[in-house]
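Residues per chain, in single letters:
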Amino acid sequence: MDDLAVQTYKVQEIISRWGPKPDLVIEMLHDIQTEFKYLPEQALNQICREVGVRLATLYHIATFYNAFSLTPRGKHQICVCMGTPCHALGAPRIVEAIERHLKVKCGGTTEDLKFTLEVSGCVGTCGLAPIVIVDGELHGLVTPVNVSKVIDRYSD
Amino acid sequence: MPYRANMMVCAGTGCVSNHSLELKQALEEEIQKRGLTDEVQVVPTGCNGFCGAGPIVVVQPDGIFYQLLKVKDIPYLVEEHLLKGRPVPRLMYVPPEEKTPIPKMNDIGFFKGQMLVALRNRGMIDPENIDDYIARDGYRSLAKVLTTMTPDEVIGVIKASGLRGRGGGGFPTGIKWESCKKAEGDIKYVICNADEGDPGAFMDRSIIEGDPHSVLEGMAIGAYAIGVSQGYIYVRIEYPLAIQRFRIALKQARDYGLLGDNIFGTGFSFDVDIRRGAGAFVCGESTALMASVEGRPGEPRAKYIHTVEHGLWNRPTCLNNVETWATVPVIILRGVEWFTSIGTGDVSQNPWGGSKGTKVFSLAGKINNTGLVEVPMGITLREMIYDVGGGIPKGRKFKAVQTGGPSGGFLPTELLDLQVDYEQLTEAGSMMGSGGMVVMDEDNCMVDMAKYFLTFTQDESCGKCTPCREGTLQMLEILKRICEGKGVPEDIQLLEDLSHFVIDASLCALGGSAPNPVLTSLRYFRDEYITHIRDKKCPAHICRDLNVYTIDPELCLVKGHGCGVCRRQCPDSAIVGEKNQVHNIDQELCKKCGVCLDVCKFDAVKVA
Ligand SMILES: Cc1cc2nc3c(=O)[nH]c(=O)nc-3n(C[C@H](O)[C@H](O)[C@H](O)COP(=O)(O)O)c2cc1C
Ligand code: FES
């Protein structure tokens, strides 16, 4: 099977998991986002056909919610906690340090598609603020200086 | 407890990131090696709330609290405590600026002032094991309600208890249930709001991760009272562990017949489905949330159509917050009298008359004990910050505490004796909100914090109504201008005018409360705005465009020997100097990024 066929197959599987119910399309999009790290155009077309939700609505949903992305995200997701406590303890400087280190703007993906840099609300471990999460692994008490070492551990 | 001792290993997100799972494995291995497997059990628990001291292990039933543990401490701990019966002082908690360790969890200031209702099972159960929940009176309230009470009696109890919504607005829960019950329609829904949008709060997450059945039981009780057979829980996608734990809880409850058809053989049927939020703050708002559950973009609608009558799929729907649901079973079990004895005001005539029971807060920022705390309503801010929170670190001075998240406000030193309840917080210009409480010291800039919150709400404004979309944008522009040193004196008045306009004209409470951080910072910290505008200075040196960076030649040379790190790191080549010589910042070229300050190990870079 070529890539597209594999993708079609996987999307089909996701649709059957939820049943072709229009009210569950957000759940389907979550699964597609997890599977492909973004929402490929063909996947949206497929949902439109199979589930019967208008393409315009799908794009409305895809652009409304922060969890979805229409362009591929990087292999590693870096997420800097920008909750109020982390912000008060210097998170913006952490973001800037990573931006400088990876030469990428917050919200963007590095050219080699290795890293995507984003921010989030409180991740619930303010005792360790400021916090950086890479691929779900939490790193606490980071500083603008040591954060590049944390990131480099993932640049395989 | 069939075991002589239970080692409760915190498996909350904070402790896990500090390797508590490795710790748990080491404990299990050591216990086996010492032949204690039949006497001592290792139990993974939800978050203890004291994440700064993690990883945490509590030895029950004695309640001995061990903190900051490392795998290499384990053999000694097992040998001393479990074999020889001698607790290990060096692994215990020592209060800041004191020397004597405190052995018992409940004697530690952070835990002493607390009263656990919604968090009643915190650290006591394995959240993935329904038997643990049942062993601590779990599902007894549901049984009591289903077998001995009519729906109206249940509503009567909740109304009389004075329980008010813990998710933000503080609407009396009993009244909401009653309206939903009275609303016309055969099919009705209950929903649990676990969207937890406040960027500085994590109590809902902690409750679901640590005690998911308490929420389920509360929902089932509500469903019985209102006449509902289908419930939903809306959890934000950012909480994967909470989603997973809730899935496990649902399955176990179904297997035990506590969910599904004909519960306890009473003819009452109820089940719950999970819907994952997709990262939009506005989806915490009731109508937006329901739109999202229906699979649509989460845009709110006008308030005059009530969701208790026309909610999910236009049917009567009762939405409550995680903490509200988790509190319900306790009220049923322990009664109105007990619940109303805690808190402020008098609810005997009507539930709006006071704030009863306890509230969970996430205490964070510039404070010694950060974490989740549950305290009686009516505690003063001072008790909260200095007794429970252990005061401000490094001897710095308290400046403000922010409550209520992006919808709330800043409260200054003068209000430290304010009692924390719905009315008094609102009167002071802030609000209870979901219970975020962020402490700020003299190193925080209030204009910058106001800008932070407004950046958040502006970004999260869904764009449906103009006042919120455009109003918050204009306000943000003004704040940015002030922080860049381009503010003019009229800006203050303009900010106030715009704030009132956005509050009055917005469609939903997102816009209706977004200006609160700005208004309270203007009310209590106007001086700081004036300093930014008139003197072009940021007293806390946070607004970097107003800073001037210089290098102290003496420190640079004597301590740093002209190491040159700042010169190499400066992105704008604004630093000049030879190796081993004094370095200097060219003020013309300096873009004030502050890198030099971050990288200098000798404190030679100064800001003014
Ligand atoms: C913009 C906005 C965001 C909200 N976010 C949340 C939230 O994250 N969690 C929550 O429980 N309530 C949130 N609320 C309040 C809910 O609309 C609703 O009042 C609450 O869930 C009702 O439950 P309660 O009465 O038990 O508090 C939010 C309200 C607004 C206007
Ligand atoms: S604000 Fe970052 S973990 Fe809470």
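Just so you know, these numbers come straight off a predicted model, no measurement behind them.

### Focus on the packing of aromatic side chains
Residue and element names in this part refer to chain B.
Okay, step 1: Applying the stated rule across the entire model yields 20 aromatic pairs over all chains.
Okay, step 2: Residues Phe50 and Phe110 carry aromatic rings whose centres are separated by 4.3 Å and whose planes lie at 10° to one another, so their mutual orientation is stacked. On the criterion of sequence distance, the pair formed by Phe50 in the loop between strand S2 (40-45) and strand S3 (57-60) and Phe110 in helix H4 (residues 109-112) is long-range, its members being 60 residues apart. The same class applies to Phe50 as to Phe110, namely buried.
Okay, step 3: Through pairs of rings, three or more aromatic residues link up here, namely Phe50, Phe65, Tyr93, Phe110 and Phe111.

### Concerning the site of ligand 1
All names here are of chain B.
Okay, step 1: Taken together, 19 residues sit near ligand 1, with Gly167, Gly197, Asn320, Asn321 and Thr324 positioned nearest.
Okay, step 2: Here an oxygen atom of ligand 1 and a backbone polar atom of Glu196 are 3.1 Å apart.
Okay, step 3: Between ligand 1 and the protein, one listed contact pairs an oxygen atom with a side-chain N or O atom of Asn320 at 2.8 Å.
Okay, step 4: Across the complex, the protein chains shield 88% of the 600 Å² of accessible surface that ligand 1 would expose by itself.
Okay, step 5: Counting residues per element, the shell around ligand 1 draws most heavily on strand S9 (residues 317-321), at three residues.

### Details of the domain arrangement of chain A
Okay, step 1: The domain boundaries assigned to chain A delineate domain 1 (3-64) and domain 2 (76-152).
Okay, step 2: Centre-to-centre, using C-alpha coordinates, domain 1 of chain A lies 30 Å away from domain 2 of chain A.

### Re the packing of helix H8 (residues 173-182) of chain B against helix H10 (residues 212-226) of chain B
All names here are of chain B.
Okay, step 1: At a minimum axis separation of 9 Å, H8 and H10 run at an interaxial angle of 45°. One finds that H8 runs oblique with respect to H10. Counted together, Trp177, Cys180 and Lys181 of H8 and Gly222, Ala225 and Ile226 of H10 form the full contact between these two elements.

### Points about the domain arrangement of chain B
Okay, step 1: For chain B, the domain assignment lists domain 1 (5-109), domain 2 (130-341), domain 3 (355-441), domain 4 (446-535) and domain 5 (547-607).
Okay, step 2: For domain 1 of chain B versus domain 4 of chain B, the distance between C-alpha centres works out to 47 Å.

### Topic: empty space enclosed by the protein
Residues and elements named next belong to chain B.
Okay, step 1: Overall, the coordinates contain six cavities of 30 Å³ or more when judged by the stated rule.
Okay, step 2: Around the largest cavity sit 13 residues that line it, and Cys556, Cys563, Cys566, Cys600 and Ala604 are the ones nearest its centre.
Okay, step 3: Residues of the lining of the largest cavity, tallied by class, amount to nine nonpolar, four polar and no charged.

### So, the pairing of strand S1 (residues 76-81) of chain A
Residue and element names in this part refer to chain A.
Okay, step 1: Burial runs high along S1: five of the six residues are buried.
Okay, step 2: Bridge analysis of S1 against strand S2 (residues 115-120) gives six bridges, and the strand direction is parallel. Within the sheet, the bridge partner assigned to Cys79 lies in S2 and is Glu118.
Okay, step 3: One ladder, built from three bridges, connects S1 with strand S3 (residues 132-134); its direction is antiparallel. Looking at the pairing, Val80 lines up with Val132 of S3.

### Brief notes about the pattern of salt bridges
All names here are of chain B.
Okay, step 1: By the definition in use, this model includes 41 salt bridges over all chains.
Okay, step 2: A salt bridge links Glu30 to Arg34, with the shortest nitrogen-to-oxygen separation between them at 3.2 Å.
Okay, step 3: Under the relative-accessibility criterion, Glu30 is labelled buried at 7%.
Okay, step 4: A relative accessible area of 31% places Arg34 in the partly exposed class.

### Observations concerning the interface of chain B and chain A
Okay, step 1: On the side of chain A, 37 residues touch chain B, which itself brings 53 residues to the contact.
Okay, step 2: Where chain B touches chain A, the interface holds four salt bridges.
Okay, step 3: Here A:Asp31 ties to B:Arg276 by a salt bridge, and the two come within 2.9 Å at their closest N and O atoms.
Okay, step 4: Our count for the chain B to chain A interface comes out at 22 residue pairs in polar contact (both at pLDDT 80 or more).
Okay, step 5: Within the residue set of the side of chain B that touches chain A, elements represented by two or more residues are helix H1 (13-17), strand S8 (268-276), helix H12 (286-293), strand S12 (358-365), helix H16 (446-460) and helix H24 (595-599) of chain B.
Okay, step 6: With five residues, the top contributor of residues to the side of chain B that touches chain A is H16(B).
Okay, step 7: When grouped by side-chain class, the residues that make up the side of chain B that touches chain A number 26 nonpolar, 15 polar and twelve charged.

The rules behind the values
Residues numbered from 1 in each chain as written. Chains lettered and ligands numbered in written order. Predicted model: local features only at pLDDT ≥ 70, side-chain atom pairs only at ≥ 80, totals over all residues. Heavy atoms only, no water. Phe/Tyr/Trp six-rings, centres within 6.5 Å; stacked < 30°, edge-to-face > 60°. Helix = DSSP H or I, 4+ residues; strand = E, 2+ residues; numbered from the N terminus. Buried < 20%, exposed > 50% of the residue type's maximum accessible area, 1.4 Å probe, protein only. Near = heavy atom within 4 Å. Polar contact = N/O pair within 3.5 Å; in protein donor to acceptor, adjacent residues only side chain to side chain. Areas by Shrake-Rupley, 256 points an atom, 1.4 Å probe, with all protein chains shown as cover. Domains from an automatic or database assignment. Axes fitted to C-alpha atoms, helices over the stretch in contact; angles between N-to-C directions. Parallel < 35°, antiparallel > 145°, perpendicular 65-115°, else oblique. Contact = heavy atoms within 4.5 Å. 1 Å grid on protein atoms, 1.4 Å probe; cavity = no way out; pocket = protein on both sides within 12 Å on 5 of 7 lines; lining within 4 Å. Points joined across faces, edges and corners; volume = space filled by probe spheres on them. Nonpolar A, V, L, I, M, F, W, Y, C, P; charged D, E, K, R; others polar. Pairing = 2+ DSSP bridges. Salt bridge = Lys/Arg side-chain N within 4 Å of Asp/Glu carboxyl O.

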